[in-house]
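Now for the letters of each chain:
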Amino acid sequence: MNLFKTVLSYLILFCLMSVVYSGDIKGKVKYDGKPPKKKPLRMDADPVCGASHSEKVFAESFKVNAKGELAECIVYLKNVSYKGQTPSTAVELDQKGCIYTPHVFGIQAGQELLIRNSDATLHNIHSMPKTNKEFNFAMPKVVKTKKAKFDSAEDPFYIKCDVHPWMKTWVLVSDHPYYAVTDSNGNYEIKGVPAGTYEVICWQEKFKKRPIVDKITVGDGAVTKDFTFTRPKKK
Ligand SMILES: [Cu+2]
């Protein structure tokens, strides 16, 4: 009888292990409200910065199009137990025209961040994490690349330039690969998520204190999940 039970439990376990589903999550992030006026950035303080743009550069904290589609939101899952490897490719962050590119990005804990200085001027890159170790170093114009790493998962925080006050980039550090940043039409896609129910967060810079928190269940196939940020009522 005992042997029968053992064999049976192995059989059940085997069946469960062979049916590991995964699915893709995709959707759109929108903004419900009148878009704020675009504010031009003033870069005249550093002639190198000003001279590197022939057109106006606008503040980057809220990029919404005429359809209310919101760019540069991070959609990410929480509480994922991920046993996969850390990517061996680096995430690149460029300082070009005294702007960080990308303005919002995700990286895995332990993954390399390759920081470039494409400008003929001095930048001082300074991370502002709560749990990760802070970094803070100068990149004179002759220093073209530097490397950094974040050890642990952390909700989005910013990295700034101590020379140019308008320079800011936001980073999510994740302990799994299931996150995405929305494109200029507010679209995102997270591929190959193992079946399960997760907490899902939608973050946007201007709404950083009130990210959208929801639940999502992934089975076999695609799941659509849209998010809408609503303009706060004036008190
Ligand atoms: Cu700078």
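Structure: see above.
Predicted model, so just to flag it, every value in this text is computed and none were measured. (Residues numbered from 1 in each chain as written. Predicted model: local features only at pLDDT ≥ 70, side-chain atom pairs only at ≥ 80, totals over all residues.)

Undergrad: Whenever I open this one, the sheet that holds strand S11 (residues 168–174) confuses me. Can you help?
TA: Hydrogen bonds between backbone atoms are what pair the strands of a sheet, whose relative direction is either parallel or antiparallel. Taken together, the five strands give an open sheet; going across it, the order is S5-S11-S10-S7-S8, and neighbouring strands pair in mixed fashion. Whereas interior strands pair on both sides, the edge strands pair on one side only; in this sheet they are strand S5 (104–108) and strand S8 (136–139). With strand direction ignored, the average angle separating the axes of adjacent strands in the sheet is 25°. Where strand S7 (residues 123–127) meets strand S10 (residues 154–161), three bridges bridge the pair, whose relative direction is antiparallel. Paired with His126 across the bridge in S10 is Lys160. (Pairing = 2+ DSSP bridges. Helix = DSSP H or I, 4+ residues; strand = E, 2+ residues; numbered from the N terminus. Axes fitted to C-alpha atoms, helices over the stretch in contact; angles between N-to-C directions.)

Undergrad: So what exactly am I meant to see when it comes to the sheet that holds strand S2 (residues 74–78) here?
TA: An order of S12-S2-S14-S15 is seen for the four strands of this open sheet, with the pairing classed as antiparallel. This sheet does not close on itself; its edge strands, each paired only once, are strand S12 (179–181) and strand S15 (212–218). Ignoring strand direction, the axes of neighbouring strands in this sheet form an average angle of 25°. As paired elements, S2 and S12 share three bridges and run antiparallel to each other. Within S12, the residue paired with Tyr76 across the bridge is Tyr179.

Undergrad: I keep staring at the environment of Lys130 and nothing clicks. Help me out?
TA: Here Lys130 shows up in the loop between S7 and S8. Looking at Lys130, the number of C-beta atoms within 10 Å reads 8, which means it is exposed. As a C-alpha pair, Lys130 and Val223 span 93 residues in sequence and 32 Å in three-dimensional space. Residues within four places of Lys130 in sequence aside, it is in contact with Glu154 and Phe157. (Buried ≥ 20, exposed ≤ 12 C-beta atoms within 10 Å, placed from the backbone. Contact = placed C-beta atoms within 7 Å.)

Undergrad: Sorry, what's going on with the nonpolar core here?
TA: Considering soluble globular proteins, one finds that nonpolar side chains tend to be buried as a cluster. Ranked by internal contacts, the top residues of the largest apolar core, which has 44 residues, are Ile74, Val75 and Tyr76. If near-sequence neighbours (up to four positions away) are discounted, Val75 is found in contact with Tyr179, Ala180, Tyr188, Ile190, Val200 and Cys202. (Core = buried A, V, L, I, M, F, W, Y, C linked by C-beta atoms within 7 Å.)

Undergrad: Quick question: what am I supposed to make of unusual backbone geometry here?
TA: Of the consecutive residues Thr101 and Pro102, the connecting peptide bond is found in the cis state with omega at -5°. Looking at the element boundaries, Pro102 is found in the loop between strand S4 (99–101) and S5. At Asn79, a residue that is not glycine, the phi angle is positive and equals roughly 55°. Mapped onto the fold, Asn79 is located in the loop between S2 and strand S3 (91–96).

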